[in-house]
Amino acid sequence: TLPSPLDIAQQITLKESLDERLAPDLNQLFQDRIVLIGVTAPSSTDSWKTPYSRGASSQQREIPGVLVQAHAISQIISGVLDGRSLFWWWSSWLELIWVWTWSGLGILLVVIFRRPLYLGIAITTAIFLLFIICFGIFIEAGWIPIVPPALALIITSVVVARLKR
């Protein structure tokens with residue numbers, strides 16, 4: 001079985017941190033580290049479901065928010081130290097323009113290709129091109145939508161083709 005998320009991060013309680021006997025040890029514990037302060041109690045309302053917690057027992061289905069933040073910080077630091085880029089994505093308005101562009105392409109294909117066979121080939125080619133573009137951007141650590149533009153392309157071309165008859 002997988003370890004509990006609480007076992008992964010080194011933790012001390014508030015009571016331990018306020019104990020004067022641990023003061024010298026705490027300096028070593030905190031040196032060259034990022035310290036996050038948060039609540040990990042099961043009764044806390046700051047808990048999140050993650051893919052990691054999917055197979056866990058019913059008591060461990062959610063992990064504390066402070067560990068979600070710790071993971072995000074770890075990804076950012078790892079990206080900087082390893083020289084790799086973090087995932088980026090478009091804003092909502094740019095995604096909307098992306099979908100409308102593919103919808104417009106669907107209309108254009110219906111206007112250009114009158115025969116159903118040629119139109120089908122053109123739509124299939126356009127969807128393949130969309131996949132290649134999205135996959136290429138994904139390889140470069142980008143995340144852009146593929147399903148909404150594909151659906152927009154297909155639905156618009158079908159509707160316009162039916163209206164032209």
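Just above sits the structure.
Residues numbered from 1 in each chain as written. Predicted model: local features only at pLDDT ≥ 70, side-chain atom pairs only at ≥ 80, totals over all residues. Heavy atoms only, no water.

### Some thoughts on the overall build of the protein
Thinking step 1. In terms of helices and strands, the protein carries seven helices and four strands.
Thinking step 2. For the protein, the α and β elements follow one another from N to C terminus as α-α-α-β-β-α-β-α-α-β-α.
Thinking step 3. Of all 165 residues assigned to the protein, the portion counted as buried reaches 22%.
Thinking step 4. A sequence separation of at least 24 residues applies to 59% of the contacts in the protein between residues at least 6 apart. (Helix = DSSP H or I, 4+ residues; strand = E, 2+ residues; numbered from the N terminus. Buried < 20%, exposed > 50% of the residue type's maximum accessible area, 1.4 Å probe, protein only. Contact = heavy atoms within 4.5 Å.)

### Focus: the environment of Leu119
Thinking step 1. With respect to the helices, strands and loops of the structure, Leu119 is situated in helix α6 (residues 116-139).
Thinking step 2. What makes Leu119 buried here is its relative accessible area of 12%.
Thinking step 3. For Leu119 and Val158, which are 39 residues apart along the polypeptide, the C-alpha to C-alpha distance reads 9.9 Å.
Thinking step 4. With sequence-adjacent residues up to four places away left out, Leu119 is seen in contact with Leu109, Val110, Phe113 and Ala161.

### Re the packing of aromatic side chains
Thinking step 1. Counting across every chain of the model gives six aromatic pairs.
Thinking step 2. A ring pair is formed by Phe87 and Trp143, whose centres lie 6.4 Å apart and whose planes are at 80°; its orientation type is edge-to-face. One end of the pair, Phe87, is in the loop between α4 (65-82) and β3 (88-89); the other, Trp143, is in strand β4 (residues 142-143), with 56 residues separating them in the sequence.
Thinking step 3. Its relative accessible area of 44% is what places Phe87 among the partly exposed residues.
Thinking step 4. Three or more aromatic residues joined by ring pairs form one cluster here, namely Phe87, Phe138 and Trp143. (Phe/Tyr/Trp six-rings, centres within 6.5 Å; stacked < 30°, edge-to-face > 60°.)

### Digging into the side chain of Thr156
Thinking step 1. Secondary-structure assignment places Thr156 in helix α7 (residues 147-164).
Thinking step 2. Leave out the neighbours within four places in its chain, and Thr156 touches Ser103 and Ile107.

### Some details on α6
Thinking step 1. Over its 24 residues, α6 runs 34 Å from end to end, which matches the ideal 34 Å to within 8%, given 1.5 Å per residue.
Thinking step 2. For α6, the full list of buried residues reads Leu119, Ala122, Ile123, Ala126, Leu130 and Cys134.
Thinking step 3. Lining the buried residues of α6 we find α5 (92-112) and α7.
Thinking step 4. Downstream of α6 by one or two residues, Ala141 has phi in the positive range, about 70°. (Expected span 1.5 Å × (residues − 1).)

### Quick word on the packing of α6 against α7
Thinking step 1. At a closest axis distance of 10 Å, the pairing of α6 and α7 adopts a crossing angle of 165°. The angle between the axes of α6 and α7 places the two elements in the roughly antiparallel class. Read as a crossing pair, α6 and α7 show a hand that is right-handed. Residue-level contacts link Leu119, Ile123, Ala126, Ile127 and Leu130 of α6 to Pro149, Ala150, Leu153, Ile154, Ser157 and Ala161 of α7. (Axes fitted to C-alpha atoms, helices over the stretch in contact; angles between N-to-C directions. Parallel < 35°, antiparallel > 145°, perpendicular 65-115°, else oblique. Left-handed = near helix turned anticlockwise from the far one by under 90°.)

### Describing the packing of α5 against α7
Thinking step 1. Contact geometry for α5 and α7: axes closest at 7 Å, N-to-C directions at 35°. For the pair α5 and α7, the crossing hand works out as right-handed. Between α5, through Trp98, Val99, Trp102, Ser103, Leu105, Gly106, Ile107, Leu109, Val110 and Val111, and α7, the contact on the second element is made entirely by Pro148, Pro149, Ala152, Leu153, Thr156, Ser157, Val160, Ala161 and Lys164.
Thinking step 2. Split into classes, the residues belonging to the contact of α5 with α7 amount to 14 nonpolar, four polar and one charged. (Nonpolar A, V, L, I, M, F, W, Y, C, P; charged D, E, K, R; others polar.)

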